[in-house]
Structure formats: structure tokens, C-alpha cells
Amino acid sequence: MAYKFSPGTVCQASSPRHRGASVFLSDCFIIFSISSVIILRSQYLHSMRPTAVNGEPSKVPPNLAVIKSINPNYTGFDYISWYLGNARQAATYFVAHFGFRVIAYSGPETGSHLTTSYVVANGNARFMLTAPITGPLNIPSDKHVSEKDRSLLSEIQAHLIKHGDGVKNIAFQVGDVRGVWEHAVQNGAVSIQKPTLLTDEEDGEVLCATIKTYGDTAHTLINRSNYRGVFLPGFRPINDMNALN
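What you see is a predicted model; the values in this text were computed from it and never measured. (Residues numbered from 1 in each chain as written. Predicted model: local features only at pLDDT ≥ 70, side-chain atom pairs only at ≥ 80, totals over all residues. Heavy atoms only, no water.)

> Explain the confidence of the model for the chain residue by residue, including any values.
A low pLDDT means the predicted coordinates there should not be read in detail. Confidence in the prediction for the chain averages 77 pLDDT; 66% of positions are at 70 or higher. Segment residues 57-64: pLDDT under 50, and twelve contacts once partners within four positions in sequence are set aside and those in other chains are kept. (pLDDT = per-residue confidence, 0-100. Contact = heavy atoms within 4.5 Å.)

> Any details on the pattern of salt bridges? Residues and values, ideally.
Pairing between side chains becomes possible if they bear opposite charge and their charged atoms approach one another. The tally for this structure, following the rule as stated, stands at four salt bridges. The partner of K162 in a salt bridge is D216, and the shortest N-O contact between them spans 3.0 Å. On the criterion of sequence distance, the pair formed by K162 in helix α4 (residues 147-163) and D216 in the loop between β9 (204-212) and β10 (218-223) is long-range, its members being 54 residues apart. The class of K162 is exposed, set by a relative accessible area of 58%. (Salt bridge = Lys/Arg side-chain N within 4 Å of Asp/Glu carboxyl O. Helix = DSSP H or I, 4+ residues; strand = E, 2+ residues; numbered from the N terminus. Buried < 20%, exposed > 50% of the residue type's maximum accessible area, 1.4 Å probe, protein only.)

> Lay out the nonpolar core in plain terms, naming residues and giving numbers.
Counting 24 residues, the largest nonpolar core has Y118, V120, F127 and L129 as the members making the most contacts within it. Elements supplying a minimum of two residues to this core: β3 (74-83), α3 (87-98), β4 (101-106), β5 (115-122), β6 (125-132) and β7 (166-174). A121, M128, C208 and I222 belong to the second-largest nonpolar core, a separate cluster that totals 14 residues. (Core = buried A, V, L, I, M, F, W, Y, C linked by side-chain atoms within 4.5 Å.)

> Residue-level account of the side chain of T210, with values.
Assignment of secondary structure puts T210 in strand β9. One polar contact links T210 to T220, side chain to side chain, over a distance of 2.9 Å. The contact partners of T210, leaving out residues within four places of it in the chain, are N169, W181, S191, I192, Q193, A218, H219 and T220. (Polar contact = N/O pair within 3.5 Å; in protein donor to acceptor, adjacent residues only side chain to side chain.)

> So what's going on with the pairing of β7? Which residues, and what values?
Of all nine residues that make up β7, eight are buried, and the element is covered over most of its length. Direction of pairing for β3 relative to β7: antiparallel, over a ladder of eight bridges. Looking at β7, one finds that F77 is bridged to F172. Bridge count between β7 and β10: five bridges; the pairing is parallel. When the sheet's bridge partners are listed, Q173 is paired in β10 with I222. (Pairing = 2+ DSSP bridges.)

> Mind laying out α3, listing which residues take part and the relevant values?
Between the first and last C-alpha of α3 there are 16 Å, a value that for twelve residues agrees with the 16 Å anticipated at 1.5 Å per step. Along α3, the positions that sit buried rather than exposed are A87, A90, A91, F94, H97 and F98. The buried residues of α3 occupy one face: seen down the axis, they fall within an arc of 160 degrees. Of the exposed residues in α3, those oriented more than 90 degrees away from the buried face are Q89 and A96. One side-chain oxygen at the N-terminal end of α3 lies 3.3 Å from the backbone nitrogen of R88; it belongs to N86. Immediately downstream of α3, the backbone of G99 shows phi near 75 degrees, a positive value. (Expected span 1.5 Å × (residues − 1). Arc of directions from axis to C-beta.)

> Explain the sheet that holds β6 to me, and be specific about the residues and the numbers.
Backbone hydrogen bonds are what pair the strands of a sheet, in a parallel or an antiparallel way. The nine strands are arranged β8-β9-β10-β7-β3-β6-β5-β4-β11 in an open sheet whose pairing can be described as mixed. Both outer strands of the open sheet, β8 (191-200) and β11 (236-237), are each paired with one neighbouring strand and no more. Both β8 and β9 contribute to a ladder of seven bridges, which runs antiparallel. The residue of β9 that forms the bridge with S191 is I211. The strands touched by helix α5 (residues 177-186) are β7, β8, β9 and β10; relative to β9, the strand with the most contacts, the crossing angle is about 10 degrees. (Axes fitted to C-alpha atoms, helices over the stretch in contact; angles between N-to-C directions.)

> Kindly report on the packing of aromatic side chains, identifying the contributing residues and their values.
Enumeration over the complete set of coordinates arrives at eleven aromatic pairs. On the basis of an interplanar angle of 70 degrees and a centroid distance of 5.1 Å, the ring pair of Y79 and F231 is categorised as edge-to-face. You can see Y79 sitting in strand β3 and its partner F231 sitting in the loop between β10 and β11, a full 152 residues away along the chain. The two residues Y79 and F231 agree in class, both being buried. (Phe/Tyr/Trp six-rings, centres within 6.5 Å; stacked < 30°, edge-to-face > 60°.)

> An account of the environment of V180 is needed here, citing residue identities and associated values.
Note that V180 resides in helix α5. Considered as a pair, V180 and A209 are 29 residues apart in the sequence and their alpha carbons are 9.3 Å apart. Residues within four places of V180 in sequence aside, it is in contact with N73, V174 and L221.

Given below as C-alpha cells:
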């Protein structure tokens with residue numbers, strides 16, 4: 001059974017044994033659909049303000065290209081981040097049952113000593129599946145384990161205890177990360193991460209910032225226009241998970 005995803009699609013599995021994964025995916029796409037509709041609707045309403053043409057207000061609704069030309073900050077969906085108990089198992093399931101393919105990996109082999117992430121893609125849908133690889137009592141005292149790694153591990157474990165497997169972050173591509181982040185914070189948004197530059201010597205840089213949204217879910221604002229890598233700094237491209245064994 002294979003599926004083709006695009007933003008706003010809700011997966012419906014026809015087999016009872018796929019029902020759990022179907023609901024799992026549906027939650028993700030419902031969240032994304034609502035977010036996309038809110039953003040595009042606000043852009044559309046802004047663009048619908050009367051524009052004088054030879055002294056007469058324009059009544060012709062603009063198309064999406066016009067909307068983006070008026071408000072170019074939002075350029076599209078980027079990825080959805082999931083916190084899971086077993087990232088490899090989830091990636092295997094998406095590949096086997098929903099037509100995804102693995103495109104990138106982060107883990108001990110790439111310098112992430114406490115967590116592992118698989119990035120899977122299908123059409124316009126791209127998921128980052130992240131899981132802990134050690135328990136809170138087994139964190140090594142190795143100098144290679146950074147405070148950032150420890151903080152991420154604690155965050156994932158707390159999220160799993162409270163929610164179980166699920167969506168943590170919905171990322172959007174924007175033209176002006178700092179501008180959008182500042183505007184959001186000035187209007188009451190809670191900042192999780194201020195604009196931060198992630199760099200890779202070989203592939204360039206990514207600018208991103210994160211704000212809190214409903215519940216424990218977050219939105220990351222990302223500009224990867226100066227990045228040539230497969231996903232983000234710290235990830236390496238793969239197309240076969242067996243190659244990691």
C-alpha cells in the first residue's frame with residue numbers, strides 16, 4: 001500500500017491494521033492544514049485591500065503569486081518534527097507502508113550522542129523523526145556530550161512521558177526569519193529560540209528561529225536559501241538505513 005502526500009492531505013488507511021498510523025498521520029496533517037490556512041488567509045485578506053487603478057478600487061482577486069509578492073515572508077512548508085520512542089522503527093514503517101523514502105540521518109555517527117533522527121520524504125511532505133538513544137540515568141559523562149544534547153534529550157523524554165509519540169514542531173520557510181520572529185514576539189508570541197545561524201563548512205548555512213504555539217507544539221521559521229545540504233547541518237544524506245548497521 002503506497003500513498004502520495006502533499007501539504008494539507010489527510011491520510012485514510014483502508015486496512016484496520018493501518019488505522020493507528022492513519023490517525024497518527026492525520027493529526028499531523030490537520031495541524032499543518034490549519035496553520036497553512038491561517039497564514040494564507042491572512043495574506044489573502046491583506047492583499048484584498050482596495051488598490052486604486054485609474055482612480056477606481058480594484059475588484060479582481062489576486063492569485064497566489066500576487067499574494068506572495070505583497071507578503072513574501074511566507075514561502076512554504078518545510079518539515080514536521082516528531083518525538084518518538086523509536087525513530088528507526090517509525091522511519092521503517094513510513095517507508096514500508098506509506099511510500100516514503102529516507103533522505104537524511106543524524107546520530108552518534110554524525111556527532112549526536114544522545115538522540116537519533118531520520119528524515120523521510122514523500123512528495124511535498126518531509127518528516128524529521130527523532131528519538132532518544134539512552135535513558136536519563138545512562139547519560140555518559142563524556143566531554144563530547146554537550147549541554148545542548150543533554151537539554152534536547154530531557155525535552156524529548158518529558159514530551160514522550162506527557163504525550164507519547166507525536167508532533168513537536170511544524171517548520172515553515174520564510175524569507176525574513178528575524179523580521180517574522182520579531183513581529184511575532186512583539187505581538188505576544190513566546191520565543192523558544194531566537195534567530196540562530198546553523199553552519200556547515202561544506203554546505204553553507206541555515207537561519208532559523210522557534211516560537212511557542214498551541215500546547216507544547218512549536219513553529220520553526222527557517223531560511224535555507226544559503227544551504228546546499230540534504231536537510232540541516234549535522235545531518236548526512238542516506239537512502240538505505242541498512243547502511244548504518
